[in-house]
Amino acid sequence: MIRFVIILPLIVVTWLLLVKIISDLKKANIDWTGVATFVGFIVLAFWLRHVTGMG
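Keep in mind that what you see is a predicted model, and the values were worked out from it rather than measured. (Residues numbered from 1 in each chain as written. Predicted model: local features only at pLDDT ≥ 70, side-chain atom pairs only at ≥ 80, totals over all residues. Heavy atoms only, no water.)

Caption draft 1: Quick peek at the UniProt feature "transmembrane region" (unreviewed entry) in the protein. Residues annotated by UniProt as "transmembrane region" (unreviewed entry) correspond here to residues 6-23 and 30-48. With 100% helix and 0% strand, residues 6-23 has end C-alpha atoms that lie 27 Å from one another. As annotated, residues 30-48 has a helix share of 89% and a strand share of 0%, and its two end C-alpha atoms lie 28 Å apart. (UniProt positions renumbered as here; feature names shortened; annotations may be inferred. Helix = DSSP H or I, 4+ residues; strand = E, 2+ residues; numbered from the N terminus.)

Here you go:
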């Protein structure tokens, strides 16, 4: 029961933060090309680390 009391507020707070972030992103004027490039480099780095075992 104590876990439920601790986990439930964390889930609610996380959900509220996600809703706020999504609404702010919809209102903002963001360069999605730059964001996609940044995320692509991170994914490429993890993939190359997985494939080569280096890094």
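Caption draft 2: Structural view of the pattern of salt bridges. Following the criterion strictly, the structure yields one salt bridge and no others. Note that K20 is salt-bridged to D24, the shortest N-O span being 3.2 Å. Within this pair, K20 and its partner D24 are both found in helix α1 (residues 2-27), separated by four residues, close to a single helical turn. According to the relative accessible area criterion, D24 is partly exposed, its value standing at 36%. (Salt bridge = Lys/Arg side-chain N within 4 Å of Asp/Glu carboxyl O. Buried < 20%, exposed > 50% of the residue type's maximum accessible area, 1.4 Å probe, protein only.)

Caption draft 3: Examining the environment of T37 more closely. With respect to the helices and strands, the residue T37 is situated in helix α2 (residues 32-52). A polar contact of 2.8 Å, which involves the side chain of T37, links it to the backbone oxygen of T33. (Polar contact = N/O pair within 3.5 Å; in protein donor to acceptor, adjacent residues only side chain to side chain.)

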